Amino acid sequence: MKGKILETENLTVNFDGFKALNNLNFNMEVGELRVVIGPNGAGKTTFLDTITGKVQPTEGRVLFKGRNLRGVPEHQIVRLGIGRKFQTPRVYLNLTPRENLELACNRQKNVFATLFSRPPLSDRQQILSLLETIGLVSKADIAAGLLSHGEKQRLEIGMLVAQSPDLLLVDEPVAGLTDEETAQIGDLLLALAESHSILVIEHDMEFVRQIARKVTVLHEGSVLYEGTIEQVQNDPKVIEVYLGQKPSINAQQMKMIRIVAAMAWADGQLAPEEIDVMLVRLSQMFASDREQQKELQLELRNYIAANVAVDNLVAEIDSDAEREQLLKIAYDVIQSSARSPSEPVINEDEAAAYQQLVKMLNLPPEVVQRVEAKATQS
Ligand code: ADP
Ligand code: MG
């Protein structure tokens, strides 16, 4: 039997009358990779703070491998085997990645002792294998200050692993990273998950999709829902909580996005090309300024990831102009998936879903023809 690496029982943290955590019951198995998500203010950071001993619970307790952490000081918790990676990288910028890892392997020694003595062979081998894991072999001996943001994040994850913790806590590792860097962090965490217990806090839904097995949704300091990413994204409570805090998109926009996403989803998967076309079109329709469009695209990405089944939404789009707009976006999306190199034909399910949408929109045939002809030309 493997047992639980981490449990919390009725965990409550009261900040001057405000409960940042409220009777939180959580547990994860040894060897598990768990992702915790939740809107801003849900209590995610406070949750990590109680595990690492930075914040003491007002009520309830945290158990690490069955041991109650109440009153155990932070540095001792680190020694017990809980390592935490903070949002911003904390690497020594004028040392090389290799030196940073050497330091992390030798936390008990001081900086100078580590730098001026050759590390033992076993450490050197461990560091080389870590450099391979984090994909920094070719940059092992340049100053860490020259690394990209994503590389620094990978280095810091490597430094965390070098301390051989039993449980890795990782707070928003992909904030501010490019798509490619994000995917690399995802691959790294998946590789580490083969031999570590990892708890990841994350906002970026696409990233969560990439790495998640079991997801816990926090809301107002308690567990709102727990399940696979698919279950989470289809749970009405979760959707409400997430949508509730996105004020810059109105209900009508939301409906259009849901309709188009549901159509594109008819074959069970949304191709990246389809998402891109939707995002660009919708953001251009609803925002004029470039920055605003970019912001909206980011938001929309999360909406689309929270793919929801549509019921009678089309009936609620009542202006003809909006119906025509919707048809145009839907047709573009169908066309874009037909251009996908991996599957260069219109998928039958999608085509059927599109035909159904056309029927529901109930536009005059000449309008449909005009929209389709125009879209095909451009
Ligand atoms: P998340 O990380 O999910 O965004 P946090 O754990 O940072 O949420 O915060 C949860 C809530 O607790 C927020 O409303 C925040 O304002 C509040 N909070 C966090 N830390 C403190 C503190 N030290 N004192 C008072 N309120 C706090
Ligand atoms: Mg936070």
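Caption draft 1: Representation of the pattern of salt bridges in the model. Scanning the model with the defined rule gives 11 salt bridges in all. Between E156 and K85 there is a salt bridge whose closest N-O contact spans 3.3 Å. Residue E156 is located in helix 6 (residues 149-162), and its partner K85 is located in strand 6 (residues 82-85); the two are separated by 71 residues in the primary sequence. Each member of the pair, E156 together with K85, is buried. A salt bridge links D235 to K237; the shortest N-O distance between them is 3.9 Å. On the basis of relative accessible area, K237 is assigned to the partly exposed category, the value being 42%.

Caption draft 2: Broad picture of the site of ligand 1. Near ligand 1 the following residues occur: F15, F18, A20, P39, N40, G41, A42, G43, K44, T45 and T46. Here A42 contributes a backbone N or O atom positioned 3.2 Å from an oxygen atom of ligand 1. One nitrogen or oxygen atom from the side chain of T45 is found 2.9 Å from an oxygen atom belonging to ligand 1. Alone, ligand 1 offers 560 Å² of accessible surface; in the complex the protein occludes 58% of this. Secondary-structure elements contributing two or more residues to the shell around ligand 1 are strand 2 (18-29) and helix 1 (44-51).

Caption draft 3: Layout of the sheet that holds strand 10 (residues 222-227). The strand order 6-7-8-3-9-10 describes an open sheet built from six strands, whose pairing is mixed. Across the chains shown, the open sheet's two edge strands, defined by having one partner strand only, are strand 6 and strand 10. Each neighbouring strand pair of the sheet contributes to a mean axis angle of 20°, computed without reference to strand direction. Pairing of strand 3 (residues 33-37) with strand 8 (residues 197-201), which is carried by four bridges, proceeds in the parallel orientation. Residue pairing across strands places L33 opposite I198, the latter belonging to strand 8. Where helix 6 meets the sheet, its contacts fall on strand 6 and strand 7 (167-171), and the angle it forms with strand 6 comes to roughly 170°. Its contacts with the sheet place helix 7 (residues 179-193) against strand 3, strand 7 and strand 8, and it is angled at close to 150° to strand 8.

Caption draft 4: Structural view of the sheet that holds strand 4 (residues 59-64). In spatial order, the strands read 2-1-4-5; together these four strands make up an open sheet with antiparallel pairing. Because the sheet does not close on itself, it has two edges, and the strands there are strand 2 and strand 5 (67-68). Relative to strand 4, strand 1 (residues 4-15) runs antiparallel, the two sharing five bridges. Following the sheet pairing, E7 is matched in strand 4 by L63.

Caption draft 5: Highlighting the side chain of R323. Within the fold, R323 resides in helix 14 (residues 320-338). Despite being buried, R323 has no salt bridge partner; D320 is the closest side chain of opposite charge, sitting 5.0 Å away. At 2.6 Å, the side chain of R323 forms a polar contact with the backbone oxygen of I317. Ignoring sequence-local partners within four residues, the contact set of R323 consists of V314, A315, I317, D318, M360, L361, N362 and L363.

Caption draft 6: Just the environment of A144, in detail. Within the secondary structure, A144 is located in the loop between helix 5 (121-133) and helix 6. On the basis of relative accessibility, which here comes to 0%, the residue A144 falls in the buried class. Not counting chain neighbours up to four residues away, the residues in contact with A144 comprise V91, Y92, L93, L95, T96, P97, N100, K152 and L155.

Caption draft 7: Region of the structure containing the packing of helix 3 (residues 97-105) against helix 6. With their axes 8 Å apart at the nearest point, helix 3 and helix 6 run at an angle of 30° to one another. Overall, the two elements helix 3 and helix 6 adopt an arrangement that is roughly parallel. The way helix 3 lies across helix 6 gives a crossing that is right-handed. Across from P97, N100, L101, A104 and C105 in helix 3, the residues of helix 6 making contact are L155, G158, M159 and A162. Taken together, the residues of the contact of helix 3 with helix 6 break down into seven nonpolar, two polar and no charged.

Conventions adopted
Residues numbered from 1 in each chain as written. Chains lettered and ligands numbered in written order. Predicted model: local features only at pLDDT ≥ 70, side-chain atom pairs only at ≥ 80, totals over all residues. Heavy atoms only, no water. Salt bridge = Lys/Arg side-chain N within 4 Å of Asp/Glu carboxyl O. Helix = DSSP H or I, 4+ residues; strand = E, 2+ residues; numbered from the N terminus. Buried < 20%, exposed > 50% of the residue type's maximum accessible area, 1.4 Å probe, protein only. Near = heavy atom within 4 Å. Polar contact = N/O pair within 3.5 Å; in protein donor to acceptor, adjacent residues only side chain to side chain. Areas by Shrake-Rupley, 256 points an atom, 1.4 Å probe, with all protein chains shown as cover. Pairing = 2+ DSSP bridges. Axes fitted to C-alpha atoms, helices over the stretch in contact; angles between N-to-C directions. Contact = heavy atoms within 4.5 Å. Lys, Arg positive; Asp, Glu negative; His and termini not counted. Parallel < 35°, antiparallel > 145°, perpendicular 65-115°, else oblique. Left-handed = near helix turned anticlockwise from the far one by under 90°. Nonpolar A, V, L, I, M, F, W, Y, C, P; charged D, E, K, R; others polar.

Everything listed here is a matter of geometry and, on its own, says nothing about what the molecule does.
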